[in-house]
Amino acid sequence: GGGGVGNASNSGVTVVEEDVGEIVRKTTRGLLASIQRERDGEAVDRARIKRLTAALVNLGLYADHFERAFLDHSAAYYRAEGTRAAQSSDAAGFLTHCEARLAEEEDRASTYLDASTRRTLTRCVEQNLVETHVIGVLDKGFDALCAENRIEDLRRLHALCARVDKVDKLRDAFAARAKRVGAAIVQDEENDKDMVQNLLDVKESLERIVSDAFGGSLELFSNALKEAFESFVNSRRNRPAELIAKYVDGKLRAGSKSGYVDEEEMERTLDAVLTLFRHIQGKDVFEAFYKKDLAKRLLLSKSASVDAEKSMISRLKAECGSQFTTKLEGMFKDVETSRDIMRGFAADEKIAKELPENVDVFVHVLTAGYWPTYAPCEVKLPRELDHLQRVFSEYYLSKHGGRRLVWQNALGHVLLRAEFPKCGVKELAVSLFQAVVLMLFNDAETMSFEELKDATGIEDKELRRTLQSLACGKANQRVLSKTPKGKDVDDGDVFAVNDDFNERLTRIKVNSIQMKETKEDNDATNERVFQDRQYQIDAAIVRVMKTRKTLSHQLLVGELFNQIKFPAKPADLKKRIESLIDREYLERDRGNAQVYNYLA
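Residues numbered from 1 in each chain as written. Predicted model: local features only at pLDDT ≥ 70, side-chain atom pairs only at ≥ 80, totals over all residues. Heavy atoms only, no water.

The chain has the name Cullin family profile domain-containing protein in an unreviewed UniProt entry, where Micromonas pusilla is given as its organism. In the Sequence similarities (unreviewed entry) part of its UniProt record, the chain is described as follows: "Belongs to the cullin family." (UniProt positions renumbered as here; feature names shortened; annotations may be inferred.)

Structure representation (structure tokens):
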């Protein structure tokens, strides 16, 4: 009997197990259907779902029977949805959708699923909805998000990339975009005048994206931006460095027009420019153009703010060291010293007797090594100006024996008093060359181009520019008339005082065409930089070889790249080595032509 009972009992248990299994399967199917309906936007009885999942947990059936099926179902659901959403939505819409779905699933897990499901469910959604499609979003929509400064969407993108370990891909996309946009600006030669401002605007925009959208990976993206700028700023040799110097010149001059300088705005501008300067490799090119422009600002009193000038030099000194700014600081020192010299000159009683009444003189005494190199310009000065130069020279040399003064007439400027028939007495702010020409008309009513050339001694091209500024410029600056009329100055043209000149202002600034930048000036500055680099390379080669005595070509080139502070190609270094061999500083080793010996 016991055996029979046992068989009956076993048979009964089997039936019960089969019934429970079917119930669990039906319950699971029902739960999955309800969850899918909720995912599709329908309202469901969340309390009932919670009671059923809790019951499965209590019976020990949750993990094996429900959770596994639920995660498989979720993976399939989000794979399909991800494909549809990626195809039908733009980047911003897809990102918003992903963020919303992740939030929904976290809410679902916390509301009616067991706590153990939350992490695996989140990972399931991340893998099937986000990770599978995020590269496509970067390829399709990242540029547009950046271009439109969609900070919220970019922050969303960064957060999603961080979830699926794709921040490195986001960094690569960001760096690639920065390089593309920056290179397009640098290579656009037709818009060189706007290059620096455009680069600053792009930099500000990209930095805002880094700080506001990618703040969780600040260092990673800041380094990517730095690398991108170093790449494209140096993709066009020398020109960006030159234009950055010109941009600074424009800013440090700008305040002089209104007479007011916003110090805080100026400081922000200088800080921004310095970040660009930091990336350029040809800092010696920047220095050459910056020094040339600084000289004009100082000598023509065109600085917007002396404090801003010194602030910029302090920044350059902190960035590149004192050696970089020695000459720039020397220029300021010369200007300050010149003021002291002129105070002594004005206070000298003997000098006062030699100077005409109502004539003020100011001379900048410049140390040749600090300032740009200026080509000598010959000119026959009127006796009044020649007398002033001679008086100052005698005074200065009596105080500083053993020195020599070389007058840079091209840099001089004069304030002349002139009387016109229609507007009376005016003050003309002119260059020294313009003054030399105008003062000839104190003794002559008309003069031909050839007569002016002979009387002034000014070089032909310079004289044509000077006459053009006096006779062919704006009506309110046309103090001479030219026959025949025209925009250019030709041989045989005849000039006279413009009797129709009628300007209401008391002081008129006649623009000096010779002070404007020309391509020849820029080429000459670049050539001086090139020559300086040649000297520096030669000096570095001799310095290394003097220490090492014997060195292979490869090792010598490696040492030179460590020492020189500007970009150079191996071929350029090889030429300088060959030059030193020709000049017998070095010789090739007799046993190995790739080894050099230093000749003491």
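Engineer: Please explain helix H7 (residues 151-163) as it appears in this structure.
Structural biologist: Since there are 3.6 residues in each turn of an α-helix, residues three or four apart along the chain are aligned in direction. Its 13 residues place the ends of H7 18 Å apart at the C-alpha level, agreeing with the 18 Å of an ideal helix rising 1.5 Å per residue. Within the sequence span of H7, burial applies to Ile151, Asp153, Leu154, Arg156, Leu157, His158, Leu160 and Cys161. At its buried positions, H7 is contacted by helix H4 (91-112), helix H5 (117-131), helix H6 (134-147), helix H8 (167-187), helix H9 (195-213) and helix H10 (218-233). A positive phi of about 60° marks Asp165, the residue just after H7. (Helix = DSSP H or I, 4+ residues; strand = E, 2+ residues; numbered from the N terminus. Expected span 1.5 Å × (residues − 1). Buried < 20%, exposed > 50% of the residue type's maximum accessible area, 1.4 Å probe, protein only. Contact = heavy atoms within 4.5 Å.)

Engineer: Mind showing me how you'd approach the domain arrangement of the chain here?
Structural biologist: Many structure descriptions define interface size as the accessible area lost when the parts assemble. Once the domains are mapped, the chain shows domain 1 (18-130), domain 2 (337-410), domain 3 (412-515) and domain 4 (520-598). The distance between the C-alpha centroids of domain 2 and domain 4 comes to 43 Å. (Domains from an automatic or database assignment.)

Engineer: What exactly am I supposed to notice about the state of the cysteines here?
Structural biologist: The term disulfide refers to a covalent linkage connecting the sulfur atoms of a pair of cysteines. One pass over the structure, following the stated rule, counts zero disulfides. Of the cysteine sulfurs around Cys98, a residue in no disulfide, the closest is that of Cys161, at 10 Å. Free of any disulfide, Cys124 has its nearest neighbouring cysteine sulfur in Cys98, separated by 13 Å. Among the residues examined, Cys124 registers a relative accessible area of 7% and is labelled buried. (Disulfide = S-S within 2.5 Å.)

Engineer: How should the environment of Ala47 be read in this particular structure?
Structural biologist: Tracing the backbone through its elements, the reader meets Ala47 in helix H2 (residues 46-58). Ala47 gets classed as partly exposed once you look at its relative accessible area, which sits at 42%. As a C-alpha pair, Ala47 and Ser34 span 13 residues in sequence and 12 Å in three-dimensional space.

Engineer: Looking at this structure, I do not really get the pattern of salt bridges. What am I missing?
Structural biologist: Close approach of charged atoms allows side chains with opposite charge to pair. Applying the stated rule across the entire model yields 53 salt bridges. Of the charged contacts in the structure, one is a salt bridge between Arg464 and Asp491, with a shortest N-O distance of 2.5 Å. Highlighted residues: Arg464 in helix H20 (residues 460-471) and Asp491 in the loop between strand S4 (480-483) and strand S5 (494-497), separated in sequence by 27 residues. Of the residues examined, Arg464 reaches a relative accessible area of 21% and is grouped as partly exposed. What you see here is one network of salt bridges that share partners, running through Glu38, Arg39, Arg46, Glu105, Asp107 and Arg108. (Salt bridge = Lys/Arg side-chain N within 4 Å of Asp/Glu carboxyl O.)

Engineer: Which parts of the structure should I look at to understand the confidence of the model for the chain?
Structural biologist: Low pLDDT means the predicted atomic positions in that stretch should not be read closely. Residues at a pLDDT of 70 or more form 93% of the chain, whose mean pLDDT is 88. Confidence drops under pLDDT 50 across residues 1-16; counting only partners more than four residues distant or on other chains, this segment forms zero contacts. Ignoring residues within four places in sequence, the model shows residues 255-259, a span with pLDDT below 50, making five contacts including any to other chains. (pLDDT = per-residue confidence, 0-100.)

Engineer: Help me understand the pairing of strand S2 (residues 424-431) in this model?
Structural biologist: In the case of a regular strand, side chains alternate between the two sheet surfaces. Pairing analysis gives eight bridges linking strand S1 (residues 413-420) to S2, with the strands arranged antiparallel. Following the sheet pairing, Leu415 is matched in S2 by Ala429. Taken together, S1 and the strand that follows it, S2, pair antiparallel across an intervening segment of three residues. In the sheet, S2 pairs with strand S6 (residues 507-509) via three bridges, with the strands oriented parallel. Counterpart to Ala429 in the pairing with S6 is Lys509. (Pairing = 2+ DSSP bridges.)

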